[in-house]
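Summary of the model geometry
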Amino acid sequence: MIDLEAFRNGMALLGGAVSVISTDGEAGKFGFTATAVTSVTAEPPTLLVCMNRNSYANEHFKKNGVLCVNVLSGNQQKLSGDFANPKLTSEERFSSHGWTNLTTGSPALDEALVNFDCRIADMHEVGSHTVFYCQIVDARQSGSDEALVYFNRAYHCLGERSVAAG
C-alpha cells in the first residue's frame, strides 16, 4: 500500500478548479471550499463532489439534498479562503459577496465563473469522505475567462489560451 505522505504529495500535483459548494434548505445555509469536483456523465448531466465526513456542514448538505457548485474566477482567492476558514460562521462567509438562488434554492455566487445548481441524486461514504452524485438542474455562466485552480499547494490563475499540439 502507498505511503500516506507519498499519496498526498502526488495528489498535490493533480491540479483542480477551486469551487465553493453551497446549500440552503431545511437544515440551513452552509458552504465549503472544494477542489474534488468532477463531471460524471452528460446524460443525465451529473457531477460529483467529495466532502470530508467530519466537516461541520456534511449533515446539513445531506439533509438539504441540494447544492450549487460555484466555480471560482481567478480573482476569488479570498472567497475560497473564507469558505475554508473554520473560524468563520456561515453568515460571515455569505455576507461578503452577492448570491442569487437558482432552481433548487441553493445560493449561487453572482460573480462565479459558472454555477451548477444540483439535486443530490445519490451519495456514498468512502473512507473519510462522502461522495455526492449531483444531477445538474440549472447552470449559469459569467463570461469571465480566468479560473482559479489549486496546484502544488498554491493558487494559480488559469486563463492563457494555447493551441493543443496536433
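As the structure is a computational prediction, the values presented were derived from the model and not from experiment.

This brings us to the overall build of the protein chain. Check the secondary structure of the protein chain and you find four helices and 12 strands. For 166 residues, the compact-globule estimate of 2.2 N^0.38 gives 15 Å, and the C-alpha radius of gyration of the protein chain, at 16 Å, lies within 12% of that figure. Considered along the principal axes of its C-alpha atoms, the protein chain spans approximately 45 × 45 × 40 Å. Partitioning the contacts of the protein chain with sequence separation of at least 6, the portion at a separation of at least 24 is 62%. Working note: accessible area of the protein chain is about 9500 Å², and carbon and sulfur atoms make up 52% of it.

In this chain, Glu43 is followed by Pro44 through a cis amide linkage whose omega measures -5°. With respect to the element layout, Pro44 can be found in the loop between strand 4 (37–42) and strand 5 (45–52). With a phi close to 55°, Asn152 is a non-glycine residue in the positive phi region. When you line up the elements, Asn152 lands in the loop between strand 11 (147–151) and strand 12 (154–158). Relative accessible area serves as the criterion here: at 44%, Asn152 is assigned to the partly exposed category. One non-glycine residue, Arg153, lies in the positive phi region at around 65°. Inspection of the secondary structure assignment puts Arg153 in the loop between strand 11 and strand 12.

Moving on: the environment of Leu67. Structurally, Leu67 can be placed in strand 6 (residues 66–71). Distance from Leu67 to Glu26, taken between C-alpha atoms, is 13 Å for residues 41 residues apart in sequence. Here Leu67 is in contact with Ile21, Ser22, Val49, Phe61, Thr104, Ser106, Phe116, Asp117, Cys118, Ile120 and Cys134, once residues within four sequence places are set aside.

Attention shifts here to the pattern of salt bridges. Counted under the stated rule, the structure contains six salt bridges. Linking Glu125 and Arg53 is a salt bridge whose minimum nitrogen-to-oxygen distance equals 3.5 Å. Of the two residues, Glu125 is situated in strand 9 (residues 114–126) and Arg53 in the loop between strand 5 and helix 2 (58–64); the sequence distance between them amounts to 72 residues. A relative accessible area of 38% places Glu125 in the partly exposed class. One network of salt bridges, in which partners are shared, links Arg53, Glu59, Lys62 and Glu125.

For strand 1 (residues 16–17) and strand 11, the ladder comprises two bridges, and the chain directions are antiparallel. Bridge assignment links Gly16 to a residue of strand 11, and that residue is Tyr150. Bridge count for strand 11 against strand 12 is five bridges, and the pairing is antiparallel. From the neighbouring strand, Leu148 faces strand 12, where its bridge partner is Cys157. Between strand 11 and strand 12, which follow one another and run antiparallel, lie two residues, and Asn152 among them has a positive phi close to 55°.

The rules behind the values
Residues numbered from 1 in each chain as written. Predicted model: local features only at pLDDT ≥ 70, side-chain atom pairs only at ≥ 80, totals over all residues. Heavy atoms only, no water. Helix = DSSP H or I, 4+ residues; strand = E, 2+ residues; numbered from the N terminus. Rg over C-alpha atoms; globule rule 2.2 N^0.38 Å. Contact = heavy atoms within 4.5 Å. Areas by Shrake-Rupley, 256 points an atom, 1.4 Å probe, with all protein chains shown as cover. Buried < 20%, exposed > 50% of the residue type's maximum accessible area, 1.4 Å probe, protein only. Salt bridge = Lys/Arg side-chain N within 4 Å of Asp/Glu carboxyl O. Pairing = 2+ DSSP bridges.

From the geometry alone we can't say anything about function, so treat these as descriptive.
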